[in-house]
Amino acid sequence: MTRYAMLIDLNTCVGCNACMAACAIENQTPVWKNVWRTYVHDQEIGIGDDVRRRFFPRLCNHCENPPCLTVCPTGATYQRADGLVLIDDNLCMGCGACEMACPYRARYELTYTDIREGKVFYGNLRRTSPGYDKCNFCAQRIDAGRKPACVETCVGEARLFGDLDDPQDYVAKMAASGIAQPLMPQLGTRPHVYYINEMKRDV
Amino acid sequence: MEVNVTYETQHLWTTWFAVYLYLGGLGAATMTITFLTDMYLKSHKTLAIWGALTGLIMVGGGSALLFIHLANHAAVVHVLNPLAIFFKPDAWIAWGTQFISWMMIASLLYVLPYMIESPIIANLPFISSVLKTRVVCGLGSMAGSGNIHKILGIFSATSGLGVAVYTGLLLQSFPAVALWNNPGVPILFTVSAFSTACALLILVMHIFMGRDEKDTLLRGLYERADLLLLATELLVVFLFYMYLTRGSISARVSAELLFHDLGWLLGFIGLGLVTPFLLELRSVLSLGHGQGQTHLPTVAAAVFVLIGGFLLRDYFMAAGIYVYPT
Ligand code: SF4
Ligand code: SF4
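Everything in this summary refers to the structure shown in the same document. (Residues numbered from 1 in each chain as written. Chains lettered and ligands numbered in written order. Predicted model: local features only at pLDDT ≥ 70, side-chain atom pairs only at ≥ 80, totals over all residues. Heavy atoms only, no water.)

Notes on the site of ligand 2
For clarity, the cut-off: If even one non-hydrogen atom of a residue comes within 4 Å of a molecule or strand, that residue is called near it. Just so you know the grouping, Ala, Val, Leu, Ile, Met, Phe, Trp, Tyr, Cys and Pro go in nonpolar, Asp, Glu, Lys and Arg go in charged, and all remaining residues, Gly too, go in polar.
Lining the immediate surroundings of ligand 2 are 13 residues, of which C72, T77, C92, C95 and C98 of chain A lie closest. Here the residues of the shell around ligand 2 are counted per class, giving 8 nonpolar, 4 polar and 1 charged.

Here it is as C-alpha cells:
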C-alpha cells in the first residue's frame, strides 16, 4: 500500500513563496481574493532583541482520520486508498460543514462570482461549479508519476514528498523517528503533513 | 510539533445559522409535543393543526435559510436523496435533512384529515379549495384511517425528536472547538428545543385558543414540563461552566467569552432561564391559574424562554473557539 505524506523542514524554508505561486497556477486557486491552497506564514518569534523570522508553510494535512470527511453530507469529500483526501466538485453543495470541521483552516469557499472571475483570470478554468476547495496534494500530477507542484518548485528543498508505508522512504523515516511531527496530533486527526521544527540557534 | 497558536472564532456559520438551529429545534419539538398530546394525552385537533403548521413554517423557514447560504444550490439534490443516510451515515446533515423532509411530509398528512374537517381552515380562501380536491380528500381519508394515522403521528414525533437532537449533534461533530465537541451540546440543544416548544404552545394556547377552560389541565402540564426542562437546562449550563473553565485552551477562551458577557449572563441565563423558571415555579406552586388571576406572568415566562432559546444558539455559534497553529 501507499500512504502519501509531505515533510516540511522549517529550517530550510526561505519564505520565497514560490510554492504558493506554483500551486496557484497548477490548481487555479482564487488568488485575486488572496486565498491559497498553500500559504507560507511569515512570523516573528521571540521578544525584545531576541527576535527571529520564521516561515511556516501550511496546507491541507490529508488527515488519516479527517473530520472534514465525516461531516460531509453529500459524499463530496472522500479519501483515496493512498491517503489523499479529495473533493468531488460535482457533489459538493458548499454547505461549509467541512470548513467548520477542519481544525487546520485548510478549506475555502468558491462562490459563483469566483467561478466567473476565475474564467477571466485563468482563461480556461477547469472548475465549473462553486463549492469548497483545498489542497489535493496535486493528485493529477501524482497520478501522472510526478510530485506536487509545491514540492517540485521548492528552492530550499523544504518540502519533500514520500510514502509512509515505504520503510526506505526518507519522509517515512523522519516521521517514524519522531524528528518530524504533525500539527496538533492530540486532536486525533493523524495528519499526513509532518514538520521538522527549527533547530535552536543563537541569533 | 510545538508551535504558537492563535484563538479565533469563526465567521462562516454566524447568526443566520443560529436562526436555522433555533427554528429547526423549536419547530420540530413543537410538532412532536402536539402530536404526542393528540395521540396519548388528549385528542386535540386544533392544537395538532397549530403544532403542525407552526412546525412546518419554522422548519421550512430554517431549511430555506440554510439553502440560501449554500455555495452550490443545484448540488443540494445529493443530500435530499434518501439514500444519502446509507452512503454517508456518519454525516449528521444527511440525517438532519432526511428527518426534516420526512417529518414535514408525515406531519402534513397527519393533520390533513383534521384540516379538512376544521371550519376555520375550510373558510380560508385558497386552502379551502385545495382541501376540497379529490386527491387531497382521498389522501386525507387514507391518512386518517386508524393505524395509518397513528403510524404517521409516531413517525412525525420521532423525526421531530431526531431533528431536535440533530441540531446539537451537528455542532458536536467539529473536533477543534471544545465548546461544541462534547456530549453536552446535543443534550442542551434538545432540552432547549423542547423547553421553547412548551413555551410556544403555552403562548399559542393563551393567545389564540382563548384560554379554553377545557385546556387548563394541558396548559398546566406544559408549564410543569417546561419548569422541569428549564431546571435541567440550568443544570447543564452549570456543568458547561465547570467543564469549560477547567478544560483545554479552546474551552477556557469560550468560557471567558460567554461568562464575561452580559448578554449571556443576563440575557440567556437571567432572562431566558432563571426568570421564567421562577415565574413558572410561582405559578405551579401557588396554582396561580385561579379565577381572576392574571395570566401575564405565564405569558411573560413563555416569551422569555423563547428569547433565551435563540440567545443560547447565537452565543454558542459566536463563542466557539478554534485554536490554530501559527
Ligand atoms: S487538514 Fe482539514 S481539510 Fe485537510 S484532511 Fe485534515 S481536516 Fe480535512
Ligand atoms: S461544503 Fe462540500 S465538501 Fe464540504 S461538507 Fe459541504 S458538501 Fe461536503
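Some thoughts on the site of ligand 1
Taken together, the neighbourhood of ligand 1 is formed by 14 residues, with C60, N61, C63, C68 and C102 of chain A sitting nearest. Of the residues contributing to the shell around ligand 1, the split by class is 10 nonpolar, 2 polar and 2 charged.

Describing the environment of T111 of chain A
Residue and element names in this part refer to chain A. What counts, and what does not: Helix numbers and strand numbers start at the N terminus; a helix is a DSSP run of H or I with at least 4 residues, a strand a run of E with at least 2. Each residue's exposure class comes from its accessible area (1.4 Å probe, protein chains only) as a fraction of the maximum for that residue type: buried when under 20%, exposed when over 50%, partly exposed otherwise.
Residue placement: T111 occurs in the loop between strand 6 (108-110) and helix 4 (112-122). Classification of T111 by relative accessible area gives partly exposed; the value is 25%. On a C-alpha basis, the gap between T111 and G94 in space is 8.7 Å, while along the polypeptide they are 17 residues apart.

Thoughts on the nonpolar core
Put simply, the rule is: To define a nonpolar core, start from buried Ala, Val, Leu, Ile, Met, Phe, Trp, Tyr and Cys residues and group those joined through side-chain atoms within 4.5 Å. The contact criterion used throughout is that any non-hydrogen atoms of two residues lie within 4.5 Å.
In terms of nonpolar packing, the biggest core is built from 101 residues, with W13, W180, W264 and F316 of chain B touching the most fellow members. No other element matches the 15 residues that helix 10 (residues 184-207) of chain B contributes to this core. Contact partners of W264 of chain B, with chain neighbours within four places excluded, come to V237, L258, F259, I269, L312, Y315 and F316 of chain B. In terms of nonpolar packing, the next biggest core, distinct from the first, is built from 33 residues, M20, V40 and A106 of chain A together with M1 of chain B among them.

Some details on the interface of chain A and chain B
Cut-off, in case you're wondering: Accessible surface is computed with a 1.4 Å probe, and the buried area is the amount of it that two parts give up when combined, taken over both parts together. Criterion for a salt bridge: a side-chain nitrogen of Lys or Arg within 4 Å of a carboxyl oxygen of Asp or Glu. The definition of a polar contact used here is a pair of N or O atoms within 3.5 Å, where within protein one atom must be able to donate a hydrogen and the other to accept one, and adjacent residues in sequence count solely through side-chain atom pairs.
Contact with chain A, which involves 45 residues of that partner, is made by 35 residues of chain B. Approximately 3100 Å² of surface area, both sides summed, lies buried where chain A meets chain B, with 63% of it carried by carbon and sulfur atoms. On inspection of chain A and its partner chain B, the count reaches 1 salt bridge. The partner of R105 of chain A in a salt bridge is E8 of chain B, and the shortest N-O contact between them spans 2.5 Å. There are 13 residue pairs in polar contact (both at pLDDT 80 or more) connecting chain A and chain B.

Thoughts on the pattern of salt bridges
All names here are of chain A. The final tally for this structure, using the stated rule, is 19 salt bridges over all chains. R141 is the partner of E152 in a salt bridge, and the nearest nitrogen-oxygen pair spans 2.7 Å. Here E152 is found in helix 6 (residues 149-153), whereas its partner R141 is found in helix 5 (residues 139-143), with 11 residues between them in sequence. Of the residues examined, E152 reaches a relative accessible area of 47% and is grouped as partly exposed. On the basis of relative accessible area, R141 is assigned to the buried category, the value being 7%.

Topic: the side chain of D133 of chain A
All names here are of chain A. Examined against the element boundaries, D133 turns out to sit in strand 7 (residues 131-133). On the basis of relative accessibility, which here comes to 7%, the residue D133 falls in the buried class. Polar side-chain contacts of D133 include one of 2.9 Å to the side chain of R37. At a separation of 2.5 Å, a polar atom in the side chain of D133 contacts the side chain of Y108. Discounting chain neighbours no more than four positions away, the residues touching D133 are R37, I87, A106, R107, Y108, L110 and R127.

What to know about helix 1 (residues 15-41) of chain B
The criterion, for reference: Take the residue count of a helix, subtract one, and multiply by 1.5 Å to get its expected span.
Between the first and last C-alpha of helix 1 of chain B there are 37 Å, a value that for 27 residues agrees with the 39 Å anticipated at 1.5 Å per step. Across the 27 residues of helix 1 of chain B, 22 count as buried, placing the element largely inside the fold.

Remarks on the layout of surface pockets
Over the atoms, a rolled probe matching the size of one water molecule traces out where space is still vacant. Counted only if it meets this: Of the grid points, spaced at 1 Å and generated over the protein atoms alone, those admitting a 1.4 Å probe that cannot get out make up cavities, while open sets with protein on both sides within 12 Å along at least five of seven lines make up pockets; any residue with an atom within 4 Å of a point is treated as lining. Grid points are joined across faces, edges and corners, and a volume is the space filled by probe spheres set on the points.
A volume near 650 Å³ is recorded for the largest pocket. What lines the largest pocket is a set of 29 residues, and nearest its centre among them are E99, Y104, R105, A106 and R107 of chain A. Listing elements by their share of the lining of the largest pocket, those giving two or more residues are strand 2 (39-47), helix 3 (97-101) and strand 6 of chain A together with strand 2 (322-325) of chain B. Ranked by the residues each element gives to the lining of the largest pocket, the list is headed by strand 2 of chain B, at 3 residues. Roughly 480 Å³ of volume is contained in the second largest pocket. Around the second largest pocket, the lining comprises 25 residues; the ones closest to its centre are N27, R37, D89, D133 and N136 of chain A. Residue assignment for the lining of the second largest pocket shows that the elements contributing at least two residues are strand 5 (85-87), strand 6, helix 4 and helix 5 of chain A. Among the residues forming the lining of the second largest pocket, the class breakdown is 12 nonpolar, 6 polar and 7 charged.

Here's the deal with the pairing of strand 10 (residues 193-196) of chain A
Residue and element names in this part refer to chain A. Put simply, the rule is: Pairing between strands is defined by DSSP: at least two bridges between the two strands are required.
Judged by which residues are buried, strand 10 turns out to be covered on both faces: V193 and Y195 on one side and Y194 and I196 on the other are all buried. As judged from the 4 bridges shared by strand 1 (residues 4-9) and strand 10, these two strands associate in the parallel manner. Within strand 10, the residue paired with D9 across the bridge is I196.

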